[in-house]
Structure formats: C-alpha cells, structure tokens
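# Structural characterization, general
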Amino acid sequence: MSAQVEQVHDISVVIPVYQGAHSLRELTNEVASLVETTTTPLGHKFRIVELVLVDDCGPDGSSQVIKDLSNEFQWVRPVWLSRNYGQHAATLAGMAATSSRWIVSLDEDLQHDPKEIGKLLDTAVEKGAQVVYGNPSDAAPHGLLRNLASRLAKVLSAFLTGNKTPRFFSSFRLVSGEIGRSVAAYAGEAVYLDVALSWITQTVLSTPVNNRAEHRSKSGYTRRSLLSHFWKLVLSSGTRPLRVVSVTGFLVFLFGFVLAVYIVIRTIFFEVNIAGWSSVIVLLLLLGGATLFALGVIAEYLGLVVRSVFGKPAYLVVQQKQDSPLDVG
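Residues numbered from 1 in each chain as written. Predicted model: local features only at pLDDT ≥ 70, side-chain atom pairs only at ≥ 80, totals over all residues. Heavy atoms only, no water.

The number of helices and strands found in the chain is 10 helices and eight strands. Pairs at least 24 residues apart make up 83% of the contacts formed inside the chain by residues separated by at least 6 positions. Accessible surface for the chain amounts to roughly 18200 Å². Of this, 59% is attributable to carbon and sulfur atoms. (Helix = DSSP H or I, 4+ residues; strand = E, 2+ residues; numbered from the N terminus. Contact = heavy atoms within 4.5 Å. Areas by Shrake-Rupley, 256 points an atom, 1.4 Å probe, with all protein chains shown as cover.)

Okay, here's the thing in structure tokens:
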C-alpha cells in the first residue's frame, strides 16, 4: 500500500501598491524564494503560485515597477485600477483576481516578512481556521500615539460587533480563497474589509509573527485618512450602536413615564408652590421619552437598510464542508 502524498497548498499573494517603487523589487525577490514548494514550521507544504500586484495609482513610479516585474516573472500578475481607491478596495480587487486555495495579503513596505506565511498556514490547517491574522510579536513600528489609537479602534470595534474578532485585524492575513473571492464579489464601498470577512467565516484566529521596520520615510496615511479608516471600521462593524439607541430610547421613555406619575401624585397630595410646573415637567418627560423611543424604532429600520447597503449576504454556499481541522487545503 503506497504512502499518501501530502497535499501542497497553493497560495496567492496580494499586495496593494501605492508607494512601492523602492520596495517592490526586494519584496518580489523574497516571494520568489517561496515559488518552489516550501515546508512550514509544522511540516505542511505550500508554494506561492502567483503574486498579484494591485496598482492603486500612487504618486511615485510604482506602476512602472509593476510592469517591469510582470514582464520579468511569469507568476507576477498586475491589476490596474482606474484611480486611487484605498488599501482595502485595492486588496479586494487583488483577491478577486486570484484562483488559488489560499490568499495572503501583504503590505508593500517590507514590514511583513513572506517567510512568516508558513506560520499563518500552520494555524489555519491545524485549527481549521478560514482567516488567520499575523499578530506582531514585537513592538509595532509606528509611533506611540498611533499604536494606542489603533488598539483603541480595535477594542471599540470589538464592543460594537459584540465579538473579539476585530482585535485580530491586520493587513497581514491568510484567507481561504473561496472566502476571499466571495467577499470581493459582494462587499460594498463603505465596508471595512475585515468586517466583511468576519460576516461569513466561522473560525477567525491570529498567530504571532515577526514584523520588520517599514522601508519608507513617510506613511501613506495622513491623520485625516486614518480617521476616515477608523470611522469606516466603526460604521461597518454592525448595527449594534443603533440597537443601543433603541434600548436607550425605551428606557428613557419608561423613566419619564414613572417620574411623570410621581410628579402628578405629588401635585395632587402635596402642595406645589410654582404654578404650572408639574404639567410642564410631565409634558417634557413624556414627549422626550416618546421622541427617543421613536428614534429607537427608526434606528431599527435604519439598521435593516444599512445591512442591505453594505451588501451583507444572507448566506454563502461553499464548495465542501470542512469536517476535519486538517482538511482545509
């Protein structure tokens, strides 16, 4: 009886490119070392079958570098966007262009080491995860203020969604190809990529990786774009904030009604020196509570509209149910 040959996991690497003129060639050479079959730390075999470089119309000469690399390497595939759409949109465009079992997204600035891909794959295979994020085991390369803001944004998003998945979010991610291409097909413009991934994945994990220093003097994100990035994360995290408005409105209405009854009883049985005070306060409490309750009801309907606009699917059919954590190739 012949021994069973272990499956080799095919991986597509997607890189959204905005200011990568000075780093793309070095990063491509690093990926080239993984084009041949490579073994992960836990013994699983994989190979990079394609490198998808998405030109996001940056201000430097990245587009020419992408052209040169695609002419030089057969496994490098360029994707050209009509204008600058941002990192998440560019990543989605790259995912849509892939065809492999797994997709890995990397930053262009050499911060993410392609050699760490094996760790992500090990976690996915051993634990049956459809999405695995690289969690930096060392200090983040950004400033203290930006690191704190990023952590706060993830914690807030975790609260708004009601689960811990947003705490894993990172641009260094391994995604099931089936999941990644499906998300690219339905995700709307206003949706945060990782939130969209969490909608249709059962198991999302993270694993420690070693990050390197960024090979660029200035980040492509301004304070304004970072704030916009954070706001998109908050808004696309779900309709839980609207539910908070609805519940708050009902509680305020209930409190106002009880307080109004108390004031009426006090007015009838006890002397009130200010004429008209009781009726005015009762009216304000009832009207204020009713208004907030009405806003809560409107918020519920708005939540339905928001889910529809974001493109959140009612279901997603996959090719095969993965019964075993090791059967994820």
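Anyway, onward from the coordinates.
Our next topic: the packing of helix α1 (residues 24–32) against helix α2 (residues 62–72). Close contact between α1 and α2 brings their axes to 10 Å; oriented N to C, the two are set at 30°. Classified by the angle between their axes, α1 and α2 sit roughly parallel to one another. Where α1 crosses over α2, the handedness of that crossing is right-handed. Taking contact as the criterion, the partners of Leu 24, Arg 25 and Thr 28 in α1 are, on α2, Ser 62, Val 65, Ile 66, Asp 68, Leu 69 and Glu 72. Looking at side-chain class alone, the contact of α1 with α2 contains four nonpolar, two polar and three charged residues. (Axes fitted to C-alpha atoms, helices over the stretch in contact; angles between N-to-C directions. Parallel < 35°, antiparallel > 145°, perpendicular 65-115°, else oblique. Left-handed = near helix turned anticlockwise from the far one by under 90°. Nonpolar A, V, L, I, M, F, W, Y, C, P; charged D, E, K, R; others polar.)

Residues Ile 11, Val 13, Leu 53 and Ile 117 are the most contacted members of the largest nonpolar core, which totals 33 residues. Mapped onto this core, the elements with two or more residues apiece are β1 (8–17), α1, β3 (45–55), α2, β5 (102–105) and α4 (117–127). It is α4 that provides the largest number of residues to this core, a total of five residues. Setting aside residues up to four positions removed in sequence, Val 13 forms contacts with Ile 48, Glu 50, Leu 51, Val 52, Val 104, Leu 106 and Ile 117. (Core = buried A, V, L, I, M, F, W, Y, C linked by side-chain atoms within 4.5 Å. Buried < 20%, exposed > 50% of the residue type's maximum accessible area, 1.4 Å probe, protein only.)

Tracing the backbone through its elements, the reader meets Ala 184 in helix α6 (residues 177–186). It is 5.0 Å that separates the C-alpha atoms of Ala 184 and Leu 92, two residues lying 92 residues apart in sequence. Those residues within four positions of Ala 184 in sequence are excluded, and the remaining contacts are Leu 92, Met 95 and Ala 96.

Okay, the pairing of strand β7 (residues 173–176) next. By the alternation rule, side chains of β7 split into Arg 173 and Val 175 and Leu 174 and Ser 176, which are all buried. Note that β5 and β7 share four bridges and pair antiparallel. The residue bridging Trp 102 from the neighbouring strand is Ser 176, located in β7. Of the pairings in the sheet, the one linking strand β6 (residues 131–136) to β7 comprises three bridges and is antiparallel in character. Each residue of the ladder has a partner; that of Val 131, found in β7, is Val 175. (Pairing = 2+ DSSP bridges.)

Turning our attention to the packing of aromatic side chains. Within the structure shown, the criterion is met by three aromatic pairs. Relative to Trp 75, the ring of Phe 73 lies with its centre 5.0 Å away and its plane at 45°, an arrangement referred to as tilted. The residues Phe 73 and Trp 75 share a single accessibility class, namely buried. Look at Tyr 186 and Trp 199: their rings are 6.4 Å apart centre to centre, the planes differ by 20°, and that puts the pair in the stacked class. One end of the pair, Tyr 186, is in helix α6; the other, Trp 199, is in helix α7 (residues 193–199), with 13 residues separating them in the sequence. (Phe/Tyr/Trp six-rings, centres within 6.5 Å; stacked < 30°, edge-to-face > 60°.)

Tracing the chain through its elements places Ser 182 in helix α6. Side-chain polar atoms of Ser 182 contact the backbone oxygen of Glu 178, separated by 2.7 Å. (Polar contact = N/O pair within 3.5 Å; in protein donor to acceptor, adjacent residues only side chain to side chain.)

Bridging between β6 and strand β8 (residues 204–209) involves six bridges; their strand directions are parallel. Bridged to Gly 134 within β8 is Thr 207.

Turning our attention to the confidence of the model for the chain. Residue-level pLDDT values for the chain average 79, and 66% of them are 70 or greater. Mean pLDDT across the secondary structure elements of the chain bottoms out at helix α5 (residues 144–161), with 60, and peaks at β5, with 98. (pLDDT = per-residue confidence, 0-100.)

As a further point, take unusual backbone geometry. Positive phi values are uncommon outside glycine, yet Cys 57 reaches one of about 55°. Mapped onto the fold, Cys 57 is located in the loop between β3 and α2.

Residue placement: Glu 108 occurs in the loop between β5 and α4. Its relative accessible area of 5% is what places Glu 108 among the buried residues. Polar side-chain contacts of Glu 108 include one of 2.6 Å to the backbone nitrogen of Tyr 18.

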